[in-house]
Amino acid sequence: MAVSYKELGFVNTREMFAKAMKEGYAVPAYNFNNMEQLQAIITACTESRSPVILQVSKGARKYADATLLRYMGRGAIEMMKTLGNPVPVALHLDHGDSFELCKDCIDSGFSSVMIDGSALPYEENVALTKKVVEYAHQFDVTVEGELGVLAGIEDEVSAEHHTYTDPAMVEDFVKRTGVDSLAISIGTSHGAYKFKVKPGESVPPLRFDILAEVEKRLPGFPIVLHGASSVDQAAVATINKYGGKLENAVGVPEEQLRKAAKSAVCKINVDSDGRLVMTAAIRKVFAEHPAEFDPRKYLGPARTDLIAMYKAKNENVLGSAGRY
Ligand code: G3H
Ligand code: 13P
Ligand code: ZN
């Protein structure tokens, strides 16, 4: 039987985005695949008084088991109550690629889904997105669509080149599909290698001109930025120092994210930064304590570093801290 996210204590993204738009910040959307990541996100967002979107990808469902993962999401709500004053939490499907996947998430208590038809021909993207919206809205679940394709390669999300969003198409897409938010492509990409630059060279600016044009055509409409990890160079250096091999890993400079967060960008997606921080902490423990074999002794420090990273992002980059 279908379960309503409202009974579970989640919220959809509508109010979250309206407040973020009005006050000029972005809501963090952090991916999780395991317990330590989820604990860190919940702890960081509760302590920094930030709303949060917990993101579950298709790959995460495959890795951690879809049932276990959604119960972990529910567990996060209960955990938050024990920490004191809870903040708003949305449980969101990241990069849904079919109606069936979105429906399964909606029926099992997700409060928000993304249907990513961005690689499809335009009319097919419109038709698929509209179908998901019509289903989701019956249950007051919010839907994120995407126009334009990000470059980059991840487990379940891949494209070789950017196709920047064409601002001339956004009004038609939003009107015909009824989506609640729109992910656009302005030069970010997934993963830890976002720009091809030599060490010391600065990365090219995002296409803020496209974002401005989209805002002009869709005033007050929530825009989503994927591929928004900053790829902290200290984390990369730690990984490489302790036996890793990440060459020329670069992300989006925080300055550009701050600028985006003050615009119509209401949701900023971060996954890779969490992966990097975790890997750096675990490699350090392994290198410094080679006799250690209790997972709590290396996952614990990784969780501590994740909490610090998420808090810093909420406080210094997205501006979402202290809003509740
Ligand atoms: O945008 C993609 C997210 O980082 C999820 O990645 O498909 O490897 O879980 P994943
Ligand atoms: P990053 O790879 O930059 O963290 O992007 C994550 C993302 O867009 C999830 O949908
Ligand atoms: Zn993404």
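Residues numbered from 1 in each chain as written. Chains lettered and ligands numbered in written order. Predicted model: local features only at pLDDT ≥ 70, side-chain atom pairs only at ≥ 80, totals over all residues. Heavy atoms only, no water.

Participant: Any chance you could explain empty space enclosed by the protein here in plain terms?
Facilitator: The method is simple in principle: a probe with the dimensions of a water molecule rolls over the atoms, and the space it marks as empty is what remains. For the coordinates displayed, the defined rule picks out one cavity of 30 Å³ or more. Reported here for the largest cavity is a volume of approximately 30 Å³. Counting residues per element, the lining of the largest cavity draws most heavily on strand E5 (residues 142-147), which supplies three residues. When its residues are assigned to classes, the lining of the largest cavity shows two nonpolar, five polar and three charged. (1 Å grid on protein atoms, 1.4 Å probe; cavity = no way out; pocket = protein on both sides within 12 Å on 5 of 7 lines; lining within 4 Å. Points joined across faces, edges and corners; volume = space filled by probe spheres on them. Helix = DSSP H or I, 4+ residues; strand = E, 2+ residues; numbered from the N terminus. Nonpolar A, V, L, I, M, F, W, Y, C, P; charged D, E, K, R; others polar.)

Participant: Any chance you could explain the pairing of strand E8 (residues 181-184) here in plain terms?
Facilitator: The two faces of a sheet get side chains in turn, since along a regular strand they alternate between them. Neither face of E8 is left uncovered, since the one carrying Ser181 and Ala183 and the one carrying Leu182 and Ile184 both have all their residues buried. Pairing analysis gives four bridges linking E5 to E8, with the strands arranged parallel. From the neighbouring strand, Glu146 faces E8, where its bridge partner is Ala183. Bridge analysis of E8 against strand E9 (residues 223-225) gives two bridges, and the strand direction is parallel. Residue pairing in the sheet places Leu182 in a bridge with Ile223 of E9. On the question of chirality, the crossover connecting E8 to the parallel E9 by way of helix H9 (residues 208-217) is right-handed. (Buried < 20%, exposed > 50% of the residue type's maximum accessible area, 1.4 Å probe, protein only. Pairing = 2+ DSSP bridges. Right-handed = clockwise from strand over helix to strand, strands pointing away.)

Participant: I would appreciate a short explanation of the coordination of the zinc ion (ligand 3) in the present structure.
Facilitator: Where a metal carries four tetrahedral donors, each ideal angle is 109.5 degrees; where it carries six octahedral donors, the ideal angles are 90 or 180 degrees. Bound to the zinc ion (ligand 3) on the protein side are His95 (NE2), His190 (NE2) and His226 (ND1), at distances that span 2.1 Å. In primary sequence terms, the donor set of the zinc ion (ligand 3) follows H-x94-H-x35-H. Of this pair, His190 sits in the loop between E8 and H9 while His226 sits in the loop between E9 and helix H10 (233-241), placing them 36 residues apart in sequence. Here His190 matches His226 in class, with each residue buried. (Donors = N, O, S within 2.8 Å, 3.2 Å for Na, K, Ca; no water.)

Participant: Help me understand the site of ligand 2 in this model?
Facilitator: As a structural note, the neighbourhood of ligand 2 is formed by 17 residues, with Asp94, Lys194, Ser229, Asp271 and Ser272 the closest of them. His190 is positioned such that a nitrogen or oxygen atom in its side chain is 3.1 Å from an oxygen atom of ligand 2. When ligand 2 is considered free in solution it has 300 Å² of accessible area, and contact with the protein chains removes 98% of it. Only strand E3 (89-96) and strand E10 (265-270) provide two or more residues apiece to the shell around ligand 2. In the shell around ligand 2, the residues fall into two nonpolar, eleven polar and four charged. (Near = heavy atom within 4 Å. Polar contact = N/O pair within 3.5 Å; in protein donor to acceptor, adjacent residues only side chain to side chain. Areas by Shrake-Rupley, 256 points an atom, 1.4 Å probe, with all protein chains shown as cover.)

Participant: Even after reading the chapter, I still don't get the nonpolar core, so can you show me in this structure?
Facilitator: Where a protein is soluble and globular, its nonpolar side chains tend to be buried together. With 87 residues, the main nonpolar core has Phe32, Leu54, Leu182, Ile223 and Ile268 as its most contacted residues. Residue contributions to this core peak at nine residues, all from helix H13 (residues 295-318). Excluding residues within four positions of it along the chain, Leu54 makes contact with Tyr30, Phe32, Leu38, Ile41, Ile42, Ala76, Val89, Ala90, Leu91 and His92. Listed in part, the nine residues of the second largest apolar core include Met16, Val27, Ile53 and Cys266. (Core = buried A, V, L, I, M, F, W, Y, C linked by side-chain atoms within 4.5 Å. Contact = heavy atoms within 4.5 Å.)

Participant: What is the right way to look at the environment of Lys241 in this model?
Facilitator: The topology assignment puts Lys241 in helix H10. Owing to a relative accessible area of 61%, Lys241 belongs among the exposed residues under this scheme. Linking Lys241 and Ala20, residues 221 residues apart in sequence, is a C-alpha distance of 39 Å.

Participant: How should unusual backbone geometry be read in this particular structure?
Facilitator: The bulk of non-glycine residues show a negative phi, and the bulk of peptide bonds are trans. With a phi angle near 55 degrees, Arg49 is a residue other than glycine that sits in the positive phi range. Within the fold, Arg49 resides in the loop between helix H3 (35-47) and strand E2 (52-57). With a phi angle near 55 degrees, His95 is a residue other than glycine that sits in the positive phi range. Relative to the helices and strands, His95 resides in strand E3. Relative accessible area serves as the criterion here: at 10%, His95 is assigned to the buried category.

Function-wise, these values are silent; they only describe arrangement.
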